[in-house]
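# Fold and geometry: a report
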Amino acid sequence: MKTAVKQRASACGMLFCVGAVLALGGAAMTACEDEVAKQRPRSGIGQGAQEPEDGFDPDTEDPSGPPAADAGGLCGNRIHQVEIAEAPNIYFVLDASGSMLSPASASSSATRYDRVREAAVDLVRNLGPLINVGAAVFPVDATDEAPCRAGGEVFAVTPGAPFAEGQEGTTTTSRFRAATRAAPLGGTPTAATLAALTPKLVGLPGKTIVVLATDGGPNCNSSAKCDADGCIANIEQQCPEENCCSPSGPSGPEGCLDRDDTVAAIELLAASGIDVYVVGIPGSEFYGDVLDQMALAGGTAQFVSPFYFKVDNLDTLGNVLSKIAGIVVSCEFDLVDPPPEAGQTNVYLDDELVAYDPENGWRWKSPAVVELLGEACTKLKSGRVGQVQIVSGCPTEVAR
């Protein structure tokens, strides 16, 4: 049975990061001398409520940590230790066939693969610990003599990690970037790659989705047979013969569109509870009907055709990936140390107060689970949130 994956705050300051810094810890609020005046919360390790003492010097307080135990006059010094509920596994399967070496646009020196990879890296960085991430590329170790070798995993599923501004270091993001570096070459063995990955994907705990990004139709099936209308060279009008995929043709059977086996491989994943999101980038225009079938098989079809996620301009790919991730990213936070008193907790996104509001703010889903809703949840899923802070000690601000 699969179990939900929860990520705990790291031992180093109990910090979680989304984008620059997502600190799923607590903060403090100002003295209650004036009911309206509040000090913005600061991130830090989860602790219980502490009694203030005299001698607080704001000039010596460490701004990167929680308020000091002797922070006199503070009325909200209970910092909650938080878990992210059910962080999903987002597994990228990236087309690294020879056509991905094509320029991303007429005015760009970057290749299609460069742009797809960078969009994936950006998503991993922005969502940080809200997701676990893995990746495979296809084909792997292709050569001119063997262009159809199946793809394989290049980055095992790993929890997202904080991103230090200006420096990735050895974070999940930097390792994901390095692991997905590839020199595109060869064919598009989509079916064989997905079949090889299936046992590993099915065995992952928690919710898993596959994001399959490609610029063409699947091929590389040596057992395939097709007429000219199913031959990729003919479809792309690059064939000087009647059927380039005839047994004696220059493309051979491996140049046939491998529709049936690819759809079957995706159906098997979907039957195991793994949704497959199909993203077609520029170059895939000839194969819209195949990509539609793949999206339908993967259980992720959009309401109208194109049923797959069609990307006409690679500048918009990041938004598409964020939209897909937003479908599965959770807006729930489990409090390890829930407040003992009701009505004394507040939530902040990037130091901005989020009102208690069942439409666009937050609510208690249970006595120990805070859920962001509406606009607040959308903002979190977009990767535009640096800090999430949950703090108790002052009356809950309710939307008016």
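The coordinates are above.
Described in the following lines is the structure provided in the data block. All of these numbers come straight from a predicted model, not from anything done at the bench.

### Quick look at empty space enclosed by the protein
- A complete count under the given rule lists 1 cavity of 30 Å³ or more for this structure.
- Its volume calculated, the largest cavity comes out at about 30 Å³.
- What lines the largest cavity is Gly280, Ile281, Pro282, Ser284, Glu285, Lys310, Val311 and Asp312.
- Of the residues belonging to the lining of the largest cavity, the class tally is 3 nonpolar, 2 polar and 3 charged.

### Looking at helix α6 (residues 288-297)
- Most of α6 sits out of view: 7 of its 10 residues are buried.
- Each element contacted by the buried residues of α6 is listed here: β7 (208-214), α5 (259-271) and β8 (275-280).
- At the C-terminal side of α6, Gly299 shows a positive phi close to 75 degrees.

### Concerning unusual backbone geometry
- Going from Phe138 to Pro139, the amide bond is cis rather than trans, its omega being -5 degrees.
- Residues Ser305 and Pro306 are joined by a peptide bond in cis, for which omega reads 0 degrees.
- Structurally, the position occupied by Pro306 is in the loop between α6 and β9 (309-310).
- Even without being glycine, Asp141 reaches a positive phi, approximately 60 degrees.
- As for its position among the elements, Asp141 is in the loop between β5 (132-138) and β6 (152-159).

### Concerning the state of the cysteines
- Within the structure shown, the criterion is met by 5 disulfides.
- Across the disulfide from Cys148 sits Cys220; the S-S distance is 2.1 Å. Because the sign of the S-S torsion sets the handedness, a value of about -70 degrees for the bond joining Cys148 and Cys220 places this disulfide among the left-handed ones. Here Cys220 lies in the loop between β7 and α4 (232-235) and Cys148 lies in the loop between β5 and β6, a separation of 72 residues in the sequence.

### Things to note about the layout of surface pockets
- The calculated volume of the largest pocket comes to roughly 490 Å³.
- If you trace the largest pocket, you find 24 residues lining it, with Gly186, Gly187, Thr188, Asn219 and Ile232 closest to the centre.
- Here the lining of the largest pocket is built from residues that sort into 7 nonpolar, 13 polar and 4 charged.

### Structural notes on the nonpolar core
- Counting residues in hydrophobic clusters, the biggest one holds 55 residues, and the most contacted among them are Phe92, Phe176, Val279 and Leu372.
- The element best represented in this core is helix α1 (residues 112-127), accounting for 8 residues.
- Counting 27 residues, the second-largest nonpolar core is a separate cluster that includes Phe138, Ile235, Ala265 and Ala297.

### Overview of the packing of aromatic side chains
- As enumerated under the stated definition, the model contains 6 aromatic pairs in all.
- Pairing Trp362 with Trp364 gives two aromatic rings, centres 5.6 Å apart and planes at 75 degrees, and the pair type is edge-to-face.
- The buried category is assigned to Trp362, whose relative accessible area is 0%.
- Three or more aromatic residues joined by ring pairs make a cluster, and in this case those are Phe92, Phe155 and Phe176.

### Some thoughts on α1
- For α1, which comprises 16 residues, the first-to-last C-alpha distance of 23 Å matches the rise-based estimate of 22 Å (1.5 Å per residue) to within 8%.
- Burial in α1 covers these residues: Arg112, Tyr113, Val116, Arg117, Ala119, Ala120, Val121, Leu123, Val124, Arg125 and Leu127.
- The secondary structure elements touched by the buried residues of α1 are β4 (89-95), β5, α2 (172-179), β7, α7 (317-328) and α8 (374-381).
- Gly128 occupies a position one or two residues after α1 and carries a positive phi of about 45 degrees.

So, how was this worked out
- Residues numbered from 1 in each chain as written.
- Predicted model: local features only at pLDDT ≥ 70, side-chain atom pairs only at ≥ 80, totals over all residues.
- Heavy atoms only, no water.
- 1 Å grid on protein atoms, 1.4 Å probe; cavity = no way out; pocket = protein on both sides within 12 Å on 5 of 7 lines; lining within 4 Å.
- Points joined across faces, edges and corners; volume = space filled by probe spheres on them.
- Nonpolar A, V, L, I, M, F, W, Y, C, P; charged D, E, K, R; others polar.
- Buried < 20%, exposed > 50% of the residue type's maximum accessible area, 1.4 Å probe, protein only.
- Helix = DSSP H or I, 4+ residues; strand = E, 2+ residues; numbered from the N terminus.
- Contact = heavy atoms within 4.5 Å.
- Disulfide = S-S within 2.5 Å.
- Core = buried A, V, L, I, M, F, W, Y, C linked by side-chain atoms within 4.5 Å.
- Phe/Tyr/Trp six-rings, centres within 6.5 Å; stacked < 30°, edge-to-face > 60°.
- Expected span 1.5 Å × (residues − 1).

Interpretation in functional terms is not warranted from these geometric data alone.
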